[in-house]
Amino acid sequence: MANSLPDLPYDYNALEPHIDEQTMRIHHTKHHQTYVDKLNDAIKGTDLESKDLEALLRDFASVPDDKKTPVRNHAGGHHNHSLFWTIMGPSGGGTPSGDVASAIDGAFGSFDTFKEKFIATAVGVFGSGWAWLVSNGGKLEIVSRPNQDSPLMDGLTPVLGLDVWEHAYYLKYQNRRPEYVDAWWNVVNWDEVAVRLKSA
């Protein structure tokens, strides 16, 4: 079953002024599309083709050695971005409530403490990568991963993720990653994060 590029759940300009339209358009139609295309090429005609994306990454250890690198890079990139688009939205921002707020308070003491640690993790990623809020057996943790490595490969369930590859912010923020990270909080879709937390 061929993988396909998911539609954005909002217009390319919907996250302005925090994330600009041109970045969103290029990020989605060029970068994400490339991960999808290269993944499909890499697994075409193999048993991996019948696996859904999440199962493929969760069972990464069983991927044949000659397919490990393309699956790590392109299945990871496809899944990471598919999640990323959904946990943002034009009516996002603010602070979480309900179960998400309770879980964050329980794990980190307060939302402010969580946010501080998450920002430090995102800003501190060396080179390209992601900052993640994950569920580890029901316990929330903040982790980073290089390149397009998926937390699923380590048995973790991603709940919230921030792309800190330069292509995610360079057109608007240039080398000012901390500014991009600060702006991103204005578009976080906490309702979607709640859905992911519940399913985790």
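Presented here is a report on the structure given in the accompanying data block. Because the structure is predicted, anything quoted here is derived from the model rather than measured.

### Points about the overall build of the protein
Okay, step 1: A tally of regular secondary structure across the protein gives eight helices and three strands.
Okay, step 2: Here the C-alpha radius of gyration of the protein, 16 Å, is about what a compact globule of 200 residues would show, namely 16 Å.
Okay, step 3: If one aligns the C-alpha atoms of the protein with their principal axes, the spans along those axes are about 50 × 40 × 30 Å.
Okay, step 4: Going through the 200 residues of the protein one by one, you find that 48% of them count as buried.
Okay, step 5: Nonlocal contacts in the protein, meaning residues at least 24 apart in sequence, comprise 67% of its contacts between residues at least 6 apart.
Okay, step 6: Carbon and sulfur atoms form 47% of the exposed surface of the protein, whose accessible area is close to 9,400 Å².
Okay, step 7: Charged side chains of the protein number 18 positive and 27 negative; the gap between the two group centres comes to 3 Å.

### Points about the pairing of strand 3 (residues 157-163)
Okay, step 1: Taken across its seven residues, strand 3 has seven buried, putting it largely inside the fold.
Okay, step 2: Here six bridges tie strand 1 (residues 129-136) to strand 3, and the two strands are oriented antiparallel to one another. Bridge assignment links tryptophan 130 to a residue of strand 3, and that residue is aspartate 163.

### Side note on unusual backbone geometry
Okay, step 1: The step from glutamate 16 to proline 17 runs through a cis peptide bond, and the omega angle for that step is 0 degrees.
Okay, step 2: You can see proline 17 is positioned in the segment before helix 1 (21-43).
Okay, step 3: Positive phi outside glycine occurs at asparagine 147, with the angle close to 55 degrees.
Okay, step 4: On the basis of relative accessibility, which here comes to 38%, the residue asparagine 147 falls in the partly exposed class.
Okay, step 5: Positive phi, normally seen in glycine, also occurs at glutamine 174, with a value near 50 degrees.
Okay, step 6: Look at glutamine 174 and you get partly exposed, because its relative accessible area is 29%.

### Overview of the packing of aromatic side chains
In this description, an aromatic ring pair is defined by two values, namely the gap between the centres and the angle between the planes.
Okay, step 1: A complete count under the given rule lists 15 aromatic pairs for this structure.
Okay, step 2: Taken together, a centroid distance of 5.6 Å and an interplanar angle of 45 degrees make the contact between phenylalanine 84 and tryptophan 85 tilted. Each member of the pair phenylalanine 84 and tryptophan 85 is classed as buried.
Okay, step 3: Judged by centre distance (6.2 Å) and plane angle (90 degrees), the rings of phenylalanine 111 and tryptophan 185 are edge-to-face. Highlighted residues: phenylalanine 111 in helix 5 (residues 111-124) and tryptophan 185 in the loop between helix 7 (177-184) and helix 8 (190-199), separated in sequence by 74 residues. Each member of the pair, phenylalanine 111 as well as tryptophan 185, carries the same accessibility label: buried.
Okay, step 4: Ring-pair connections join several aromatic residues into one group, and the members of that group are Phe108, Phe111, Phe114, Phe118, Trp184, Trp185 and Trp190.
Okay, step 5: Lying over the aromatic face of phenylalanine 60, lysine 68 brings its terminal NZ or CZ to 5.4 Å of the ring centre.

### A few points about the pairing of strand 1
Okay, step 1: Burial analysis of strand 1 places seven of its eight residues in the buried class, the great majority of the element.
Okay, step 2: Hairpin connection of strand 1 to strand 2 (residues 139-146): two residues between the antiparallel strands, including glycine 137 at a positive phi of 65 degrees.

### Re the nonpolar core
Okay, step 1: Counting residues in hydrophobic clusters, the biggest one holds 48 residues, and the most contacted among them are Met88, Phe114 and Trp184.
Okay, step 2: Apart from residues lying up to four places away in sequence, methionine 88 is in contact with Tyr10, Leu15, Ile19, Met24, Trp184, Val187 and Asn189.
Okay, step 3: Residues Ile43, Leu53, Leu56 and Leu57 belong to the second largest nonpolar core, which totals 13 residues.

### Here we look at the side chain of threonine 157
Okay, step 1: Inspection of the secondary structure assignment puts threonine 157 in strand 3.
Okay, step 2: Note on threonine 157: relative accessible area 18%, which makes it buried.
Okay, step 3: Reaching out from threonine 157, the side chain makes a polar contact with the side chain of arginine 58 at a distance of 2.9 Å.

Cut-off values and rules
Residues numbered from 1 in each chain as written. Predicted model: local features only at pLDDT ≥ 70, side-chain atom pairs only at ≥ 80, totals over all residues. Heavy atoms only, no water. Helix = DSSP H or I, 4+ residues; strand = E, 2+ residues; numbered from the N terminus. Rg over C-alpha atoms; globule rule 2.2 N^0.38 Å. Buried < 20%, exposed > 50% of the residue type's maximum accessible area, 1.4 Å probe, protein only. Contact = heavy atoms within 4.5 Å. Areas by Shrake-Rupley, 256 points an atom, 1.4 Å probe, with all protein chains shown as cover. Lys, Arg positive; Asp, Glu negative; His and termini not counted. Charge placed at Lys NZ, Arg CZ, Asp CG, Glu CD. Pairing = 2+ DSSP bridges. Phe/Tyr/Trp six-rings, centres within 6.5 Å; stacked < 30°, edge-to-face > 60°. Lys NZ or Arg CZ within 6 Å of the ring centre and 35° of its normal. Core = buried A, V, L, I, M, F, W, Y, C linked by side-chain atoms within 4.5 Å. Polar contact = N/O pair within 3.5 Å; in protein donor to acceptor, adjacent residues only side chain to side chain.

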